[in-house]
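# Structural overview
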Amino acid sequence: QVQVVESGGGLVQAGGSLRLSCTASGMTSDNYVMAWFRQAPGTEREKVSCIVWTNGRATYTDYADSVKGRFTVSRDPAGNMVYLQMNNLKPEDTAKYYCAARYGVCSDSPRNFRYWGQGTQVTVSS
């Protein structure tokens, strides 16, 4: 049984930083995709970043245009933790952030991700 768990959200002032963490246990292969999505009230869930992990290393990463240069996705080679380092946070980054996992390739659509965490709230004050 696959379980995805995120942590690390919180309240931060504009310009501050947060690091989100995510782990996916129960995956049957080490070669899988993990992505971060976010959803603000009244909006659709949007992809923030995606990382493809193949044979012990990251072979692909991507980012939404709105976070490029500010957010960095990474994975701990020693384990199955994925991180989203968020710098220079803006009030418009306020949302619930979700970690998701799937086998295959990155996708912008949340419908293509089978495994989801419960989400962690990020609130950026101005």
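Everything that follows concerns the structure shown earlier in this document.
Given the structure is predicted, the values throughout are model-derived calculations rather than measurements.

Calculation criteria
Residues numbered from 1 in each chain as written. Predicted model: local features only at pLDDT ≥ 70, side-chain atom pairs only at ≥ 80, totals over all residues. Heavy atoms only, no water. Disulfide = S-S within 2.5 Å. Helix = DSSP H or I, 4+ residues; strand = E, 2+ residues; numbered from the N terminus. Buried < 20%, exposed > 50% of the residue type's maximum accessible area, 1.4 Å probe, protein only. Polar contact = N/O pair within 3.5 Å; in protein donor to acceptor, adjacent residues only side chain to side chain. Contact = heavy atoms within 4.5 Å.

### Topic: the state of the cysteines
Two cysteines joined by a covalent bond between their sulfur atoms form a disulfide. Overall, the coordinates contain two disulfides when judged by the stated rule. Covalently, C22 is tied to C99 through a disulfide, its sulfur atoms 2.0 Å apart. Note on the C22 and C99 pair: the S-S dihedral is about -85 degrees, so by sign convention the disulfide is left-handed. Separated by 77 residues along the polypeptide, C22 in strand β3 (residues 18–25) and C99 in strand β9 (residues 95–102) bring together distant segments of the chain. C22 gets classed as buried once you look at its relative accessible area, which sits at 0%. The disulfide partner of C50 is C106, and the S-S distance across this bridge is 2.0 Å. For the disulfide bridge between C50 and C106, the dihedral angle about the S-S bond is near -95 degrees, and by the sign convention the bridge is left-handed. One end of the pair, C50, is in strand β5 (residues 46–54); the other, C106, is in the loop between β9 and β10 (115–116), and 56 residues separate them in sequence.

### Things to note about the side chain of S107
Note that S107 resides in the loop between β9 and β10. Side-chain polar atoms of S107 contact the backbone nitrogen of S109, separated by 3.1 Å. In this structure the side chain of S107 is engaged in a polar contact, spanning 2.7 Å, whose partner is the side chain of N112. Setting aside residues no more than four positions away along its own chain, S107 makes contact with F37, K47, R102, N112 and F113.

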